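Letter by letter, the chains look like this.
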Amino acid sequence: MSDAVTRLNSALEGRYAIERELGEGGMATVYLADDLKHERKVALKVLNPNWLRWSAPARDSIIFFRDLFKGDRDMDSRRRPSAPKTRLCGRFTHFFALMAVAVAACQPAAVQVVQERDIFVPNTISPEAQQVLRGLIQARPYTREVPAADDLDAWRQTHAAMEAAAENNVEQAIASQRVTVTEAELGGVPVLDVRPDDWINNGKVLVYTHGGAYTLFSARSTLGSSAKMSRATGLRVISVDYTTAPFATWSVIQDQAVSVFRALLAEGYAMEDIALYGDSAGGGLAVSTVLNLRDLGLGLPAAVVLWSPWVDISDAGDTAYTLEGADPTLDYESLLYQSALAFTGGLDLTDPSVSPIHADFDAGFSPALIQAGTKEILLSTAVRLFQRLEGAGQDATLDVYEGMWHVFQQHSIPEAELAVRKSADFINAHLR
């Protein structure tokens with residue numbers, strides 16, 4: 001056995017056993033020694049190879065093992081408590097013991113728990129979408145980890161790394177969509193002013209609030225979306241480069257979005273000349289922005305388009321559980337939970353200020369188009385938002401796509417082309 005395996009077996013003190021040695025690719029199978037009933041395969045992932053003190057083959061590895069759970073009705077029924085920390089402590093009690101000794105053995109390896117997913121590729125989606133989905137399955141983006149909510153230095157590093165990684169795609173998007181991009185400031189908030197290279201000023205404008213769990217990305221790194229929508233609608237798009245959490249919390253971020261609208265009104269636009277769209281957390285921000293504009297007496301945007309909106313950051317809803325193993329891109333515990341904490345700054349995750357699905361829609365809302373896919377954990381969130389709007393007598397449309405994942409509109413597939421075209425048509429119809 002390698003030194004890595006010997007050291008880990010020693011650290012586990014006989015409670016667990018490694019079935020075979022870490023080989024090429026760093027794979028191993030680990031079993032709990034306890035006599036437990038339920039068998040479940042999950043993954044222990046080393047986050048940073050520089051922290052690892054195992055043998056070289058273990059670098060960048062994922063150690064797959066079988067966690068044998070005690071029989072508990074929460075596991076059998078897949079009911080989960082509302083508080084993520086409680087859920088993890090109850091659901092992975094034995095696994096967390098393994099994590100603790102693994103961290104000690106690695107001195108000081110960082111680990112993250114993810115459940116291995118066997119994701120189905122349906123033949124009812126386009127061949128292009130099937131190919132993209134297979135690529136996502138292989139890449140396993142749902143295993144992405146983010147820092148603890150209050151680790152500012154780690155967030156700076158994470159944000160910078162993701163911005164750098166996106167730069168090549170940004171340049172491609174600008175060229176392929178044939179847009180001009182200008183850095184500007186509106187209401188003291190940095191924005192990108194995106195226009196088709198053949199833009200004709202019709203006195204209308206589209207505001208974009210980008211996604212990224214409120215903690216990631218920027219107006220620049222999400223130009224793939226804003227450039228595509230600028231080309232599809234023919235409109236000037238103002239992409240709001242709001243300060244991401246944890247460097248700002250919900251109130252500052254929402255105030256920045258409102259400040260952009262105030263500046264556009266000062267430029268001479270009327271509310272009926274302005275539409276709004278957002279994806280994921282940007283969809284949540286878009287909903288909050290409409291509500292804040294309404295409550296401030298500034299009026300309502302002409303229309304709002306929401307792609308997979310994250311309007312409930314508390315991990316509630318049917319598909320948060322039923323599609324947990326089918327979503328190829330998102331995981332609440334590893335990605336979204338710490339981002340939610342960073343965004344709220346201590347506010348309860350169900351507070352309407354941060355989870356606008358719980359807000360009052362009776363007093364008015366912009367005509368809304370909500371798009372989602374059947375392969376994302378936020379599908380129920382989209383359905384629930386539609387039900388809230390419809391129940392309040394608002395003009396809302398729910399547009400769900402077979403076999404599509406979170407914010408699929410960013411990909412070059414027929415389903416995305418259709419969704420973007422419908423979004424553009426919806427926006428332009430309400431701006432006339």
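Here the structure is a predicted model, which means the values were calculated and not measured.

Before going further, it helps to spend a moment on the packing of helix α8 (residues 250-267) against helix α9 (residues 281-295). Two elements in contact, α8 and α9, have axes whose closest approach is 10 Å; the angle formed by their N-to-C orientations is 65 degrees. As α8 packs across α9, the resulting crossing turns out to be right-handed. For the pair α8 and α9, contact is made by Ile253, Gln254, Ala257, Val258 and Phe261 and by Leu285, Ser288, Thr289, Asn292 and Leu293, respectively. The residue inventory of the contact of α8 with α9, partitioned by class, reads six nonpolar, four polar and no charged.

Enumeration over the complete set of coordinates arrives at seven aromatic pairs. With a centroid separation of 5.9 Å and an interplanar angle of 40 degrees, the aromatic rings of Tyr332 and Tyr337 are classed as tilted. Pair check on accessibility: Tyr332 and Tyr337 agree, each one buried. Through a chain of ring-to-ring contacts, three or more aromatic side chains come together here, namely Tyr208, Tyr277 and Trp307.

With 18 residues, helix α13 (residues 414-431) should cover 26 Å at 1.5 Å per step; its first-to-last C-alpha distance of 26 Å lies within 8% of that length. Among all positions of α13, only Glu415, Ala416, Ala419, Val420, Ser423, Ala424, Phe426, Ile427, Asn428 and Leu431 are buried.

The next subject is the layout of surface pockets. Of the volumes computed, that of the largest pocket is approximately 1200 Å³. Lining the largest pocket are 39 residues, and of these Asn169, Phe217, Ser221, Gln410 and His411 lie nearest its centre. Where the lining of the largest pocket is concerned, the elements lending two or more residues are α6 (152-177), α7 (223-233), α11 (332-344) and α13. Residue contributions to the lining of the largest pocket peak at nine residues, all from α6. Partitioning the lining of the largest pocket into residue classes produces 18 nonpolar, 16 polar and five charged.

The rules behind each value
Residues numbered from 1 in each chain as written. Predicted model: local features only at pLDDT ≥ 70, side-chain atom pairs only at ≥ 80, totals over all residues. Heavy atoms only, no water. Axes fitted to C-alpha atoms, helices over the stretch in contact; angles between N-to-C directions. Helix = DSSP H or I, 4+ residues; strand = E, 2+ residues; numbered from the N terminus. Left-handed = near helix turned anticlockwise from the far one by under 90°. Contact = heavy atoms within 4.5 Å. Nonpolar A, V, L, I, M, F, W, Y, C, P; charged D, E, K, R; others polar. Phe/Tyr/Trp six-rings, centres within 6.5 Å; stacked < 30°, edge-to-face > 60°. Buried < 20%, exposed > 50% of the residue type's maximum accessible area, 1.4 Å probe, protein only. Expected span 1.5 Å × (residues − 1). 1 Å grid on protein atoms, 1.4 Å probe; cavity = no way out; pocket = protein on both sides within 12 Å on 5 of 7 lines; lining within 4 Å. Points joined across faces, edges and corners; volume = space filled by probe spheres on them.

Nothing here speaks to function; it is all geometry.
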